[in-house]
Amino acid sequence: MPSRNPTTKFDSGTTTSGASIPDNGIAAHRMLNEVQVRALTTLSRASRWRMARLGTFPKPIKISTGRVAWRESEVLTWLTSKTEVAA
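We now turn to the structure provided with this report. Throughout, a residue's number is its position along its own chain's written sequence, starting from 1. In keeping with the model being predicted, local features are shown solely for residues with a pLDDT of at least 70 and side-chain atom pairs are shown and tallied solely at 80 or more, while totals for entire chains, interfaces and linings include all residues. The side-chain numbers reported here are obtained from all heavy atoms of the structure, hydrogens and water having been left aside.

Pairing of aromatic rings covers Phe, Tyr and Trp, the last counted by its six-membered ring, and requires centre-to-centre distances within 6.5 Å; plane angles under 30 degrees mean stacked, over 60 mean edge-to-face, and any other angle means tilted. In total, this model carries two aromatic pairs according to the counting rule given. Ring plane angle 70° and centroid distance 6.1 Å describe the contact between Trp 49 and Trp 70, whose orientation is recorded as edge-to-face. Highlighted residues: Trp 49 in helix α2 (residues 45-54) and Trp 70 in strand β5 (residues 67-71), separated in sequence by 21 residues. Here Trp 70 falls in the buried class, since its relative accessible area comes to 1%. Look at Phe 57 and Trp 78: their rings are 4.8 Å apart centre to centre, the planes differ by 75°, and that puts the pair in the edge-to-face class. Placement of the pair is Phe 57 in the loop between α2 and β4 (61-64) and Trp 78 in helix α3 (residues 72-86), with a sequence separation of 21 residues. No difference in accessibility class separates Phe 57 from Trp 78, as the two residues are buried. The helix and strand labels rest on DSSP assignments: H or I over at least four residues marks a helix, E over at least two residues marks a strand, and numbering proceeds from the N terminus. Each residue is assigned to one of three classes by its accessible area relative to the maximum for its type, calculated with a 1.4 Å probe on protein chains only: buried under 20%, partly exposed between the two thresholds, exposed over 50%.

If you want it as structure tokens, here you go:
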């Protein structure tokens, strides 16, 4: 069963534990759940939904009844744009 550790890095390369992740092209299509997005962004749920509605944060995708996820690539792109502005 996959770990639900929100600090695990999900792109190709290595995890925070140093374990290698093969680059098989799937990383570009990974989906992040609520806990993982919160851990990456430190934004509250209400802030993320408000920002998504305003178009300033990636919109979630409904993946089943009562369940949403975000594309990892979109969240990381958003995060990178914020760190570049702050630098």
